Amino acid sequence: MSRHESDRFGEVRALFDELAELGPTARADRLAEIARSDAALAAEVEGLLAIDASPSPLLDVPVAVAAPDLVADWLEAAPGPAISGQRVGPWSLTSLLGRGGMGEVWEAVRADGQYRHTVALKLLKRGVDSVEIRRRFIRERQILAGLTHPGIARLLDGGIAGDGRPYFVLEKVDGRPITEHARAAGLAVEDRIQLMVAACEAVDSAHRQLVVHRDLKPSNIMVTENGEIKLLDFGIAKLLGEGEDDGEATAIDLRPLTPAYAAPEQILGEPVTTATDVYSLGVVLHELLTGTLPHRRPIGSASALAAAVERETGVRLTAAARRLDAAALERLGLPPRLARRLPRRLTGDLETIVARALERQPERRYTSARALADDLVRHLEGRPVRARRQSRWYRAGRFVGRHRLGVALAAVAVLSLVGGLYGALWQADRAAAAARASAASQRRAEHTKQFLISLFEVADPLQSGGASITARDLLEQGSRRLESELVTEPELRADLLEAVARIETGLGALDEAERSARLALELRGEAAPAARATAEATLGAIRIQQGDLDGAQELLEGSLAALEAARAEPLVTARVRSDLGQVLFWRKQSAAAEALERAVYEVFVRELGAEHIESALHLRNLGVLLDDLGRLDEAETAYRESQRLLERSLGPDHPNLALSYLSLAVLLDRRGQTDEAETLYRRSLEIRRRSLGDHHVQTGQALQLLAHFFVSHGRLDEAETAGREALAIFTAVDPDHFEVGKCLNGLGVVAAKRGDHATAESLYREALANYERSLGRRHPFYWWTAGSLSTAIAAQGRLDEAETLQREVLAALEEISGVESADAQWGHELLAETLRRAGRTAEADAASARAEAIAGVLAAD
Amino acid sequence: MQPDDISALLRAAEGGDDAAGERLFERVYDELRRIARRQLRGAPRYETLDTTGLVHEAYLKLGRGAAWSTRDRAHFYALAAQAMRQVLVDQSRRRTRRKRGLGAVALTLDRVDVGVAAPGDELLALDQALLRLERADPDLARLVELRFFAGLSVEEVAELRGVTGRTVKNHWRLARAFLLREMSTAADPP
C-alpha cells in the first residue's frame, strides 16, 4: 500500500474512532457532513460501521474456540519435543537422554511389555511425509536389523511416529565415547590402539554386509563398562540420506555430517564408499593419539568447508604430537611420563598408518577397515606394517614429474634448494634485525641466530657427513626446541618458524613446512604487514612445491604488494620476486621469469656484492631460465660464473655444486660438448656418492642423468649399468615412485637400441604399471612410454596391436598436450611408421603430412 | 532454558538483531507446542483448547525469575501471538491442500447449511485479510493477533500497550470490521 493509501487509512481510522461511540442520529448527521467534502471516505466508514454492528462467528471468539479442531490437528501433526510418557510406535518414552542436532534420544521401554530391556530411542527432528520414503525406510530397516556383531549396537526397531518423525530403537549402550574413555582411564598408546582395532573390526563386519556408517565419530564409538566397543547408529545415515523432496515444502536432507570427521568426498559431495568410514576411523585414531584433529575445518557455510577441504594436505602425526598444547594434553589424559615420550612413540609406523587412513583420495587409503586393523595389530606386534611409507620427496617428485626431463629436472632441484638456503639466511637476517631492535632480547636473538645457523649447517649433508635423514631428525629436534624456548617472543619465534618452513620445503617435507609456515603466519597477526607478508611468501613458496601454482601466485603477489607498500628492505622484496619468478617458470612464462630473476640478481649484486653466495645462486637461477629460453650462450656464461663463485665460497666438492655441474652438463651435452659434459656428470655423481651416500635419491638422479647421457651416445652397456643402479636406489626407497618407472623406461630404451624388442616390451610394460600407480594415466610420461611400447610391439611384427595402441596414444597425447603439440606430432609419426610397415602407404603419408604440418606450426611459434 | 537468555534475546531482537529474533521466535514456538501437547494429552480430540492459557503458560515458563519490563512482556506476547498465527495458518493450509486432494466437495457441503466455511478455509481468508490490514495499519494487525490468536482480553491488551480499554475496544472494532469486509469482498479464495 502506498503512502497515499496508508494516509488515507489514517483518515478512515480517525473518522471511525469519532463515529464509533456516537448514537445513530449523530452518526448519520456527521456522515452526511463529511460526504459533502469526501463522499468516498464517508461511504467507506459507513460501510465499516455497518459491518461493526453485525456478529461474526469467526472473530468474536478467540481462535481456539473458533477452530478448536484446527489447533488439535496442528498439535497432532507438527513435530515438537516429545515428552516423557509419550508413546512412539509400540514404545513408551521414559526419560530424555540427550538432545542433539538430529533430534532427541530417549530411554524407552516397550509399552506392551513384550520386550523387557530398556532401549535407546532416537526421535529425529524433522518429519517424513512421503509414502515412498516410508517404504524405503522399512526396507532398509530390515537390512540393518540383520547387522549382528557384538561391536555394533543392534537396531531393534524403527518406524515413523504419529507426528511423521522417523524413529529408531537401538540397543541401549551404557558407556562413554572412545576418546572420553581413553582420557578418563589414562590409557597408554597400546591400549588406545587395541580399542581402535576392535572398532575397525566391527566396522569391517558391517562393510562386508555392504552397510556404510557415514558418520563415525567418537560419540558413535562407545566403550562399555567392560571395555568393549559398541558402535552406534550404523547405517542410519544411509537410511536418511536418500530422501527426495516429496514435492511439498518439506525438502528432506537429513544426512548427518560431522565436518571434523567427514571424509573429503562427503564434504565435496562425491560418492561415499567404505573408504569413507576408513577415513573417519583415521580421524578418530588421530584424535586418540594426539588429542587433536588432523585438520582444522571451519564451521559455517558448506562452501567455506569445501574450500578448506580442497586446500588440505597430508597429515603428519608427529608434527601434531609435537605441537600439543595443554588443552590437547588434557583431552588426551596421558600420564605425563607417556606424554613426554609421545612424539617419539608416534614416529614411524603409527604416523604412516594414520597418514594412509587419511589419504585425500579414497583409493589411496586402506582398502578396508580390516586392513587398517591388521596394520595396527602388526604394529603392536612389532612386525612391519603394510602401509607404504609415502616418501617425503614423493609429492615434490610428482610435481617434477609433470614436467619435462633434462633442464626441468635439474632446474627444480636448483630452484628449490636455493629456496631452502636463502630462506634460512633470510630468516637469520631477520632474527638479527629483531635483536638490534630490542636490546633486552639481543642475547637471546643472537643465540637463536646461532641455533638457526647450526640447524642450517646440519641440514647440509656435507656437514652431517651423509644421509639427510640425520639432518631431518636434527631439524625436528630444532623445531621442538623452538616451541619450548621462544614462546614469550612471538616475533622471533615466527621468524624462526619461517626459517624452519623454508628448510623443510627444501627437504621436500611439505606438510611440515606448511604447518610451520601457518603457525608463523598466525603468530604474525595483523599488526605488522611487512612481517606478515614474508610469512605469506613462505607459504607461497611451499605452494610452488605442492604444484599449486595459482595458490602460490596469489600469495606471492599479495605479499609483494604488501612489502612494496611497507617499503621493505630491497633484499626481502627481491627474494619474494624470485619465488614469483619460479611460478612463472613453471607456467612456461620463462621470458617474464627471466626478467624478474635478472632484476632480483641485480638487487643482490648491489646489496651484497657479486661474490656473495646468494648472488651466485640467483645467477645460477638466471642461467636455468636463459637455458629454458634457448639462449644457450648466455645460459652457459651464467652457469660457469655462478659455478666459479660457488666453488670459491663452498669448495669444489660441496653438494650444492653437484647441481651446478648437472645443469651445465645437460646444457653442454645438448651443445655437443660431450667430453666436458661427461666429466661434469661424473663429478656431480662423485660428489653425491661421497656426501649423500650410494643409496641416496639424489645420487640416483645423477646416475639417471648419466644413463640418459650414455644412451644418447650409444654407450649401451654403461647406460645399462648406471640405469640398473639408479633403479635399485629408487626401488629401495619406494617401488611405487615414478622415478622407478623412468628407470625401467630408460632400460627399455637400452634394450630396444640393442634390438632386443621382447625385453624392451616387458620393461616398458613394467614402467607403465608403475606410472599407472605413481602418476596416473593422465600423465604424458605414461603415454610416452606407451608410444615406445608400441614401437617394440611393431618391431616384433604385431602391427595391428601396435596400431591400436598408437591410436590410443595419439588421442591421449592430443588431449593432454594439445592437438598441435610436439607430443601429438610424435604420435602421428609413430602411426605413420607402423602404417608404412603394414603397406598402407596412403594412410601413412596422411599421418606423416599431419606430423609435418604440426612441426610447421610449432616452428612458426 | 535460561530466562535471562530469553530477556537477552528479546533485547537483541528489539535492537534489530534478526538472528536473535529468529532464535527467540523458535523458542516461543517450541514452548507453545510443548505446552499445547501436554494439555492435549489424554483429552478428546476436538475439545476446545485454551490458547490464552497456552500463551500465559509459555510466558510464565520462559520468563520465570526474570524481571521483565512491560516492554519485554508486550514484545513477548506479540511474538507468541504471531507464532500462533503462523502455526495455525500453516495448519489450515496443509489441511486445505489435503482436502483438495481427497473429495473437497463432500467436506465443504457438510458446512454449507451452517453458513460457515470450513475453519481451515476461513482462517486462510482471515490471514489474507490480515496481510492487507498489516499494510494499511500494522498496529491494528498486531492487535488482531493478540486478541484473536493469543486470546488476550481487551483489558490485558490495554495494560500491555499502556492505553485505555476504550481505545483498544475502538481499534478492535475497526480492525474487525476491516477484516470482515475484506473477507466478504475477496474475489478469490486464497
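Details of the structure are given in the entry above.
Residue numbers here run from 1 along each chain, matching the order of that chain's written sequence. Chain letters start at A and ligand numbers start at 1, both assigned in the order the entries are written. Only residues with pLDDT of at least 70 get local features here, since the model is predicted, and only at 80 or more are side-chain atom pairs given and counted; chain-wide, interface and lining totals rely on the full set of residues. Computation of side-chain values: all heavy atoms of the structure, hydrogens and water removed.

**Details of the overall build of chain B**
Broken down by element type, chain B carries nine helices and zero strands. When the 190 residues of chain B are sorted by exposure, 49% land in the buried category. Of the contacts formed within chain B by residues at least 6 apart in sequence, a portion of 62% connects residues at least 24 apart. Residue burial considers only the protein chains on display, and all accessible areas are found by Shrake-Rupley using a 1.4 Å probe. By element, 51% of the accessible surface of chain B is carried by carbon and sulfur atoms, the whole surface being about 9,300 Å². Note on conventions: DSSP H or I runs of at least 4 residues are helices, E runs of at least 2 residues are strands, and numbering of each starts at the N terminus. Per-residue accessibility, obtained with a 1.4 Å probe over protein chains only, is compared with the maximum for each type, and a residue is labelled buried under 20%, exposed over 50%, and partly exposed between these values. Contacts between residues were defined by any pair of non-hydrogen atoms, one from each residue, lying within 4.5 Å.

**Comments concerning the overall build of chain A**
A count of helical and extended segments in chain A gives 40 helices and nine strands. Here chain A holds 861 residues, and 54% of them are scored as buried. Within chain A, residue pairs in contact and separated by at least 24 positions form 65% of the contacts whose partners lie at least 6 positions apart. Accessible surface, chain A: about 36,200 Å² in total, of which carbon and sulfur atoms supply 52%.

**Considering the packing of aromatic side chains**
Residue and element names in this part refer to chain A. Aromatic pairs are defined between Phe, Tyr and Trp rings, using the six-membered ring for Trp, whenever the two ring centres lie within 6.5 Å; interplanar angles under 30 degrees are classed as stacked, those over 60 as edge-to-face, and all others as tilted. Under the defined criterion, the tally for this structure stands at seven aromatic pairs over all chains. Both rings, one in Phe 781 and one in Trp 784, keep their centres 5.3 Å apart while their planes meet at 40°; by these two values the pair is tilted. Here Phe 781 and its partner Trp 784 are both found in helix H37 (residues 780-795), three residues apart, which amounts to about one turn of the helix. By the burial criterion, Phe 781 is buried, and Trp 784 matches it. A network of ring pairs unites the aromatic residues Tyr 681, Phe 709 and Phe 710 as a single cluster. The residue whose ring lies beneath Arg 356 is Tyr 366, and the NZ or CZ to ring-centre distance is 5.0 Å. Ring-over charges, as used throughout, are those where CZ of Arg or NZ of Lys falls within 6 Å of the ring centre and within 35 degrees of the ring normal.

**A short note on the sheet that holds strand E8 (residues 221-224) of chain A**
Pairing between sheet strands relies on hydrogen bonds along the backbone, with the strands arranged either parallel or antiparallel. All names here are of chain A. Any two strands with at least two DSSP-identified bridges between them are counted as paired. With antiparallel pairing, three strands are arranged side by side in an open sheet as E7-E8-E9. The outermost strands of the open sheet, each flanked by one partner alone, are strand E7 (175-177) and strand E9 (229-231). In this sheet, adjacent strand axes meet at a mean angle of 35° when their direction is disregarded. Sheet topology places E7 next to E8; three bridges connect them, and they run antiparallel. From the neighbouring strand, Arg 176 faces E8, where its bridge partner is Val 223. Helix axes use the C-alpha atoms of the stretch in contact, all axes being lines fitted to C-alpha atoms, and the angles between their N-to-C directions lie in the range 0 to 180 degrees.

**Here's the deal with unusual backbone geometry**
Residues and elements named next belong to chain A. The phi angle at Arg 214 is positive, at roughly 80°, despite the residue not being glycine. Structurally, the position occupied by Arg 214 is in the loop between helix H8 (189-208) and E8. For Arg 214, a relative accessible area of 18% corresponds to the buried category. For Arg 567, which is not glycine, the phi torsion reads 50° and is therefore positive. For Arg 567, the position within the fold is in the loop between helix H26 (549-565) and helix H27 (570-586). On the accessibility criterion, Arg 567 (75% relative accessible area) is exposed.

**Some details on the side chain of A:Glu514**
Positionally, A:Glu514 belongs in helix H24 (residues 510-524). Within the structure, A:Glu514 has its side chain in polar contact with the side chain of A:Arg543 (distance 3.1 Å). Here a polar contact is taken to be a pair of N or O atoms separated by no more than 3.5 Å, where protein atoms must pair a possible hydrogen donor with a possible acceptor and residues adjacent in sequence count only if both atoms sit in side chains.

**Details of the packing of helix H34 (residues 716-733) of chain A against helix H35 (residues 738-753) of chain A**
All names here are of chain A. The contact between H34 and H35 brings their axes to 9 Å, and the two run at 160°. Relative to H35, H34 is oriented roughly antiparallel. Judged by the twist between their axes, the crossing of H34 over H35 is left-handed. From H34, Leu 716, Ala 719, Glu 720, Gly 723, Arg 724, Ala 726, Leu 727, Phe 730 and Thr 731 reach across to H35, where they touch Glu 739, Val 740, Cys 743, Leu 744, Leu 747, Val 750 and Lys 753. Angle categories: roughly parallel below 35 degrees, roughly antiparallel above 145, roughly perpendicular from 65 to 115, and oblique for all the rest. Here a crossing is called left-handed whenever its near helix is offset anticlockwise from the far helix by less than a right angle, and right-handed whenever the offset is clockwise.

**Digging into the pattern of salt bridges**
The term salt bridge refers to a side-chain nitrogen of Lys or Arg lying within 4 Å of a carboxyl oxygen of Asp or Glu. All chains considered together, the criterion is met by 69 salt bridges over all chains. Residues A:Asp174 and A:Lys172 are paired through a salt bridge, measuring 3.2 Å at the closest nitrogen-oxygen approach. Take A:Asp174: its relative accessible area is 47%, and that puts it in the partly exposed class. For A:Lys172, a relative accessible area of 23% puts it in the partly exposed group. In this structure, B:Arg85 and B:Glu134 form a salt bridge, with 3.5 Å as the shortest nitrogen-oxygen distance. With a gap of 49 residues between them, B:Arg85 in helix H4 (residues 70-101) and B:Glu134 in helix H6 (residues 119-136) connect regions that are remote in the sequence.

**What to know about the environment of A:Glu611**
All names here are of chain A. Within the element layout of this structure, Glu 611 appears in the loop between helix H28 (590-608) and helix H29 (613-628). Taking the C-alpha atoms as reference points, Glu 611 and Leu 645, 34 residues apart in sequence, are found 6.2 Å from one another. The residues touching Glu 611, leaving out its near neighbours within four places in the chain, are Leu 645, Arg 648 and Ser 649.

**Some points on the nonpolar core**
Residue and element names in this part refer to chain A. Among buried residues, those of type Ala, Val, Leu, Ile, Met, Phe, Trp, Tyr and Cys that are joined through side-chain atoms within 4.5 Å constitute a nonpolar core. Core analysis: the largest hydrophobic core is formed by 90 residues, its most contacted members being Leu 556, Leu 667, Tyr 681 and Trp 783. Each of domain 3 (396-588) and domain 4 (735-860) accounts for three or more of the residues forming this core. Ala 199, Ala 328, Leu 334 and Leu 338 belong to the second largest nonpolar core, which has 60 residues in total. What fixes the domain bounds is an automatic or database domain assignment.

**What about the packing of H27(A) against H29(A)?**
Residue and element names in this part refer to chain A. Where H27 meets H29, the closest approach of the two axes is 12 Å, and the angle between their N-to-C directions is 20°. Between H27 and H29, the interaxial angle falls into the category roughly parallel. Like other packed secondary-structure pairs, H27 and H29 cross with a definite hand, here left-handed. Counted together, Arg 575, Ser 578 and Phe 585 of H27 and Glu 614, His 618, Asn 621, Val 624, Leu 625 and Asp 628 of H29 form the full contact between these two elements. Grouping the amino acids of the contact of H27 with H29 by side-chain chemistry returns three nonpolar, three polar and three charged. Note on residue classes: Ala, Val, Leu, Ile, Met, Phe, Trp, Tyr, Cys and Pro are nonpolar, Asp, Glu, Lys and Arg are charged, and everything else, Gly too, is polar.

**Things to note about the environment of A:Glu512**
One can find A:Glu512 in helix H24. Spatially, the C-alpha atoms of A:Glu512 and A:Thr318 are 9.4 Å apart, while their sequence positions differ by 194 residues.

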